[in-house]
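Spelled out from the first residue to the last, the chains are:
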Amino acid sequence: MILKGKKGIIFGALNDQSIAWKVAELCKAEGAEIVLTNAPVAFRLGTINELAQKLDAQVISCDATKVEDLDNLIAKSQEILGGKIDFVLHSIGMSLNIRKGRSYTDINYDWMQQTFDISAISFHKLMQSLWKADAMNDWGSILALTYIAAQRVFPHYSEMAESKALLESFARSFGYHFGVKNKVRVNTISQSPTVTTAGSGIKGFDEFLNYAEKMSPIGNAPAEACANYCVSMFSDYTRYVTMQNLYHDGGFSSVGMSGLLMEVGE
Ligand SMILES: NC(=O)c1ccc[n+]([C@@H]2O[C@H](COP(=O)([O-])OP(=O)(O)OC[C@H]3O[C@@H](n4cnc5c(N)ncnc54)[C@H](O)[C@@H]3O)[C@@H](O)[C@H]2O)c1
């Protein structure tokens, strides 16, 4: 029970495919007390209430682009959990241009700004709300999920690439301030492509999943394995890991050439 006595907030469990769903289940199994949260629309589209029932956890609606919603979430979570917060998972991503089928060379800029707000600036807003409320316990851990399109080109990932670059930068910058303040660490985990509602929205996702599987010596990391990594990052075993982008991708990020892909064996 490596999270025994810890209190956390988990964003982004939409349905049982969501990475955040698996993280929530494992946090509970490892002894943590958690509050679940998602945007109001997710309550209509998804099944978060089922998860809440199963885990005996409370759910608070929060649009992560709205500071007043975040302030309310953080205040209520502390009431429910009976004290300050030890860990937070930001597992939020959505691109309006991808969803509405606009190509990268014909971007709608209002939508692009909304994408940045939802997928990246929300992370800064979340950390600033936690900071202002002095809501994080010493040695706490804040995590966001990201993708390697922040570093390399994946054409169909569109404006999400820049969203993830911004997200990772916020982790480093805010990680500095939180570290100095009270030894809170801030990191991003860069996950393999995973079959979820957000993942499947990317054009050619199934073909890409197979490609990434062959490019990764250990294979694509499943959502359950991502949950294991997240929980280790919330535990006391990783106290000095901060301001990092951590690849959780079966080795994909280090491969230049794959024999499996070229069908020449290893
Ligand atoms: N699936 C993949 O291939 C993959 C790979 C690497 C990283 N990620 C990242 O993992 C994270 C979780 O995505 P997932 O794959 O589990 O998909 P998902 O669709 O299950 O989760 C995305 C979540 O974002 C929430 N969300 C959207 N707008 C919001 C808002 N305004 N306020 C609060 N929440 C909002 C959705 O309701 C949903 O729960 C995302 O950051 C995603 O980019 C996913």
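Above this note sits the structure.
Let me sum up the structure you'll find in this document. The model shown is predicted, which means the values in this text are computed figures rather than measured ones.

1. A look at the overall build of the protein
- Helix and strand content of the protein: 10 helices and seven strands.
- The C-alpha radius of gyration computed for the protein amounts to 18 Å, which stays within 12% of the reference 18 Å derived for 266 residues, consistent with globular compactness.
- Referenced to the eigenvectors of the C-alpha coordinate spread, the extents of the protein come out at roughly 55 × 40 × 40 Å.
- The burial tally for the protein puts 44% of its 266 residues in the buried class.

2. Looking at the site of the ligand
- Neighbouring residues of the ligand: 27 residues in total, closest Ser18, Gly93, Thr196, Ala198 and Gly199.
- Contributions of two or more residues to the shell around the ligand are made by helix H1 (19-29), strand E5 (136-146) and helix H8 (197-200).
- Here the shell around the ligand is composed, by residue class, of 14 nonpolar, 12 polar and one charged.

3. Considering H1
- Along H1, the residues classified as buried are Ile19, Ala20, Trp21, Lys22, Val23, Ala24 and Cys27.
- Phi turns positive one or two residues past the end of H1, at Gly31, with a value near 100°.

4. Observations concerning the sheet that holds strand E4 (residues 85-90)
- With respect to topology, seven strands assemble into an open sheet ordered E3-E2-E1-E4-E5-E6-E7, the strand pairing being parallel. On the outer flanks of this sheet lie strand E3 (58-61) and strand E7 (245-248), each paired with one strand and no other. Within this sheet the neighbouring strands show an average axis-to-axis angle of 20°, counted without direction.
- Of the strands in this sheet, E4 and E5 touch helix H6 (residues 109-132), which is tilted by about 170° from E4.

5. Overview of the environment of Glu266
- If you trace the backbone, Glu266 turns up in the segment after E7.
- Residue classification places Glu266 among the exposed residues on the basis of 6 C-beta atoms within 10 Å.
- Considered as a pair, Glu266 and Pro217 are 49 residues apart in the sequence and their alpha carbons are 9.3 Å apart.
- Not counting chain neighbours up to four residues away, the residues in contact with Glu266 comprise Gly259 and Leu260.

6. Thoughts on the packing of helix H4 (residues 67-81) against H6
- Orientation of H4 relative to H6, taken along the N-to-C sense of each, is 45°, at an axis distance of 9 Å. Between H4 and H6, the angle falls in the class oblique. Between H4 and H6 lies a crossing whose hand is right-handed. Together, Val67, Leu70, Asp71 and Ile74 of H4 and Lys125, Leu126, Ser129 and Leu130 of H6 make up the contact between the two elements.
- In terms of residue class, the contact of H4 with H6 is built from five nonpolar, one polar and two charged.

7. A closer look at the nonpolar core
- In terms of nonpolar packing, the biggest core is built from 60 residues, with Ile10, Ala24 and Cys230 touching the most fellow members.
- Examining the composition of this core, we find that seven residues originate from one element, helix H10 (residues 223-234), more than from any other.
- With residues near it in sequence (within four places) discarded, Ala24 still touches Ile10, Ala13, Ile34, Leu36, Leu51 and Leu55.
- Ile148, Tyr157, Met160 and Phe252 belong to the second largest nonpolar core, which has 12 residues in total.

8. So, unusual backbone geometry
- Positive phi outside glycine occurs at Lys183, with the angle close to 60°.
- Summarising the element assignment, Lys183 is placed in the loop between helix H7 (160-182) and strand E6 (185-191).
- Judged by C-beta crowding, with 15 C-beta atoms within 10 Å, Lys183 ranks as partly exposed.
- One non-glycine residue, Met243, lies in positive phi territory at about 60°.

The rules behind each value
Residues numbered from 1 in each chain as written. Predicted model: local features only at pLDDT ≥ 70, side-chain atom pairs only at ≥ 80, totals over all residues. Helix = DSSP H or I, 4+ residues; strand = E, 2+ residues; numbered from the N terminus. Rg over C-alpha atoms; globule rule 2.2 N^0.38 Å. Buried ≥ 20, exposed ≤ 12 C-beta atoms within 10 Å, placed from the backbone. Near = placed C-beta within 6 Å. Nonpolar A, V, L, I, M, F, W, Y, C, P; charged D, E, K, R; others polar. Pairing = 2+ DSSP bridges. Axes fitted to C-alpha atoms, helices over the stretch in contact; angles between N-to-C directions. Contact = placed C-beta atoms within 7 Å. Parallel < 35°, antiparallel > 145°, perpendicular 65-115°, else oblique. Left-handed = near helix turned anticlockwise from the far one by under 90°. Core = buried A, V, L, I, M, F, W, Y, C linked by C-beta atoms within 7 Å.

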